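# Chains, contacts and geometry: an overview
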Amino acid sequence: MRIFTAALATETNTFSPICIDRRAFEASLYAAPGQHPATPTLCTAPLTVGREVCSDKGWELVEGTATWADPAGLISRETYEGLRDEILGQLAAAMPVDAVVLGLHGAMVADGYLDPEGDLLSRIRAMIGPDVLLAAELDPHSHLTAKRVEAADVFVAFKEFPHTDFVDRARDLWRIVVDTLEGRVVPAMSVFDCRMIDVFPTSRQPMRGFVDKLMQIEADDADVLSLSVIHGFMAGDVPEMGTKVIAVTNGRPEKGQALAKSLGMELFAKRGTFMMPQIDEKQAVSQALASANRPVVIADVWDNPGGGTAGDATVLLAELLAQGVSDAAVGMIWDPIAVQICMAAGEGAEIPLRFGAKSAPGTGNPIDGLVKVMKVVPNAEMRFGESIAPFGDAAHIRLKEIDIVLSSVRVQSYDPSLFTALGIDPTAKQILVVKSTNHFYAAFSKISAEILYCSAGSPYPNNPAVTAYRRVRRDIWPIMADPFTA
């Protein structure tokens, strides 16, 4: 067998003012054919798992470009078309192939393309014809359009949020690919539209139990090859935004459709109960100070670069300062200019510095103060499960006994190693502030005594009922109370 693989991925917050060009992909991950590291990244696990599978099978794996940009705003047309055509050209040179296996995200939006993944998949289908297997792994925070479903044979999405299972789901995808190519299964993909948009953390009920149920069905029913929930991405103003359920069966599309509908309606019945309760910045800091446990993690859930925001909001930091907190660490605030200033000043320097809150309204005000540069690290990195997340040149500054990590590459707070990389012991602090909606949970829950979810400022469009969408359809909850009976 001869199989082509590639990855093209990012998540587009169409309300974010930070546009993406090719440099953004190169800053996060750009691997030319054959140059992807052995360690997978969030959307490139199909490539690294494919190396293992094809090596074991004695099959030929032809690697194309694998690239990922940390979430932000609109992708420039030139960047998307350039990367797309690069991969299409590599596929054309690899032809004929028996299958194409891709790593995608599913929430890209580019200038002139509301559905880049649909565009890419339909072009690939036109090249390879109707009989060659086309399969892809997706992030659940994506948009499952009809165009994509028509073009692809199999989609498998991560089940967990936080996305700790991206390698396991790539293995699921490749299991279906192998079984299809060796003639044991004929995958049929069925989709149900849940007519809703919500946030579904699997670190708490009811989504924990729902995902466990999906995995039990997969284990018990030989007809079911894979079940996935496309959560949707509420910061993407596109026509087909929303939650969907995918059932991949072994040639049983009617059974798959009935199962997807049953599961989808179960999700719809629990709408509005999935997201963790949130408190404002004043209550979060006061509650953390009053706790007898340490460290207390405060998650700045809506200033999450993983959702396309800048990650430079200062609302929580300002509250720490206002309440006189002196035993805290904040990680991270994105400010490349401030990082450059700190690196020029050098470790040990005391300098006046203005940093943060430059990107958009609702992020607070820039912080001014006399800071001490504690440590500077070129090309800093942190862990994310089995992967590495770079956050660029970084600086650890101290302002009124609060330790703050400044980064030059936007990335959410995945792991305590973001602090240790800058010489901060997170376990020694009373309060840790991180910028992430839920990806932080897997790693930080292991060291924290308590976790508080804080909604501070308004850097992210987190209430679909009032978000000023221009393209999103109106017949989904919570924009409409009950679209199934309307």
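Residues numbered from 1 in each chain as written. Predicted model: local features only at pLDDT ≥ 70, side-chain atom pairs only at ≥ 80, totals over all residues. Heavy atoms only, no water.

### Quick notes on the UniProt feature "domain: Microcystin LR degradation protein MlrC C-terminal" (unreviewed entry) in the protein chain
Defined as follows: UniProt positions are given in the numbering used here, feature names are shortened, and annotations may be inferred rather than shown by experiment. Strands here are runs of E lasting at least two residues and helices are runs of H or I lasting at least four, both read from the DSSP assignment and numbered beginning at the N terminus.
Here, UniProt's "domain: Microcystin LR degradation protein MlrC C-terminal" (unreviewed entry) annotation points to residues 298–471. Between the end C-alpha atoms of residues 298–471 the distance is 34 Å, and the span holds 15% helix and 36% strand.

### Points about the sheet that holds strand β5 (residues 133–138)
What counts is decided by this rule: For two strands to pair, DSSP has to find at least two bridges joining them. Angular values range over 0 to 180 degrees, each being the angle between N-to-C directions of two axes fitted as lines to C-alpha atoms, with helices fitted over their stretch in contact.
Spatially, 6 strands are ordered β2-β3-β1-β4-β5-β6 in an open sheet, and the strand pairing comes out mixed. The sheet terminates laterally at β2 (29–31) and β6 (154–157), the two strands that pair on one side only. Here the average twist between neighbouring strands, direction ignored, is 15°. Summarising the sheet, β5 and β6 pair through 4 bridges and their orientation is parallel. For L138, the partnering residue across the bridge sits in β6 and is A157.

### Observations concerning the pattern of salt bridges
Stated formally: Each salt bridge in this description consists of a side-chain nitrogen of Lys or Arg and a carboxyl oxygen of Asp or Glu lying within 4 Å of one another. Buried means the residue's accessible area, taken with a 1.4 Å probe over protein chains only, is under 20% of the maximum for its type, while exposed means over 50%, and partly exposed covers the values in between.
The tally for this structure, following the rule as stated, stands at 37 salt bridges. R184 is the partner of D179 in a salt bridge, and the nearest nitrogen-oxygen pair spans 2.8 Å. What makes R184 partly exposed here is its relative accessible area of 47%. Taking the shortest distance from any N to any O, the salt bridge between D475 and R473 comes out at 3.7 Å. Look at R473 and you get partly exposed, because its relative accessible area is 22%. Beyond isolated ion pairs, a larger network of salt bridges with shared partners links K57, D179, E182 and R184.

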